[in-house]
Amino acid sequence: MAWKCPQCGFVHEDDATLSCEACGFTRAGKLVLVSEQTTQRLSVGVDTAIGKRLLESFAGGDHVYAADPQFLVARDLVRGGWSIAPAPATKNPTFLNGAPLGDAPAPLDKGAIISIGPSRLRLRVESEP
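Residues numbered from 1 in each chain as written. Predicted model: local features only at pLDDT ≥ 70, side-chain atom pairs only at ≥ 80, totals over all residues. Heavy atoms only, no water.

Peer 1: Please give an account of the overall build of the chain that cites residues and values.
Peer 2: Looking only at helices and strands, the chain has one helix and 12 strands in total. Along the chain, from the amino end to the carboxyl end, the secondary structure elements read β-β-β-β-β-α-β-β-β-β-β-β-β. Projected onto its principal axes, the C-alpha positions of the chain cover 45 × 30 × 20 Å. Considering the chain as a whole, with its 129 residues, one finds that 39% of them fall into the buried category. Within the structure as shown, the chain displays about 7,200 Å² of accessible surface, and the carbon and sulfur contribution to it stands at 53%. Here the chain carries 13 positive and 14 negative side-chain charges, and the mean point of each set is 6 Å from the other. (Helix = DSSP H or I, 4+ residues; strand = E, 2+ residues; numbered from the N terminus. Buried < 20%, exposed > 50% of the residue type's maximum accessible area, 1.4 Å probe, protein only. Areas by Shrake-Rupley, 256 points an atom, 1.4 Å probe, with all protein chains shown as cover. Lys, Arg positive; Asp, Glu negative; His and termini not counted. Charge placed at Lys NZ, Arg CZ, Asp CG, Glu CD.)

Below, the structure written as structure tokens:
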């Protein structure tokens, strides 16, 4: 399936291509976080700070362990897709696939699990075109 670059209009025949051959625009699609507790979904298409108030709306009772903000999700304009970074000065650390986040942004791949501490507020990462 083809996709049209929203920046310059160039049409790409290969849907798997993440960067525009004509202008360099990198597409990220939408990031979807799915709560394992409630099965509710949060879809974001722009860089977003995720914290207690936003998590309360879809992630269940474990939102109480989150700070405001707890972590940041951002489009990765170099490799395509999305990345996650911890918010500064959170009381409980953010984990990605069971390991604490470091200081640098980490890629968010489909199927990854974001949690607060090793087991609270488990969110599964999905994506939409």
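Peer 1: Describe in detail the sheet that holds strand S10 (residues 106–108), supporting the description with residues and values.
Peer 2: Overall, antiparallel pairing links the four strands, which are arranged S5-S6-S7-S10 in an open sheet. Bordering the open sheet on either side are strand S5 (48–50) and S10, each of which pairs with just one other strand. Averaged over all pairs of adjacent strands, the angle between strand axes in this sheet comes to 35 degrees, irrespective of strand direction. (Pairing = 2+ DSSP bridges. Axes fitted to C-alpha atoms, helices over the stretch in contact; angles between N-to-C directions.)

Peer 1: Report on the side chain of Ser83, specifying residues and quantitative values.
Peer 2: You can see Ser83 is positioned in strand S7 (residues 82–86). According to the relative accessible area criterion, Ser83 is buried, its value standing at 10%. Not counting chain neighbours up to four residues away, the residues in contact with Ser83 comprise Leu72, Val73, Ala74, Pro105, Ala106, Pro107 and Leu108. (Contact = heavy atoms within 4.5 Å.)

Peer 1: Tell me what's going on with the sheet that holds strand S9 (residues 99–100), and back it up with residues and numbers.
Peer 2: Ordered by their spatial adjacency, six strands build an open sheet running S4-S3-S12-S11-S8-S9, and the pairing between neighbours is antiparallel. Each having just a single partner strand, strand S4 (41–44) and S9 make up the two edges of the open sheet.

Peer 1: Describe the environment of Asp76, and please don't skip the residues or the numbers.
Peer 2: Of note, Asp76 is situated in the loop between strand S6 (71–75) and S7. Looking at Asp76, the relative accessible area reads 17%, which means it is buried. Other than its neighbours up to four places away in sequence, Asp76 contacts Thr26, Gly81 and Trp82.

Peer 1: Hey, could you go over the layout of surface pockets for me, with residue numbers and the actual values?
Peer 2: Its volume calculated, the largest pocket comes out at about 340 Å³. Together, 18 residues line the largest pocket, and Leu18, Ala28, Gly29, Ser127 and Glu128 are the ones closest to its centre. Element by element, the count of residues in the lining of the largest pocket is highest for strand S12 (residues 120–128), at four residues. Among the residues forming the lining of the largest pocket, the class breakdown is eight nonpolar, four polar and six charged. (1 Å grid on protein atoms, 1.4 Å probe; cavity = no way out; pocket = protein on both sides within 12 Å on 5 of 7 lines; lining within 4 Å. Points joined across faces, edges and corners; volume = space filled by probe spheres on them. Nonpolar A, V, L, I, M, F, W, Y, C, P; charged D, E, K, R; others polar.)

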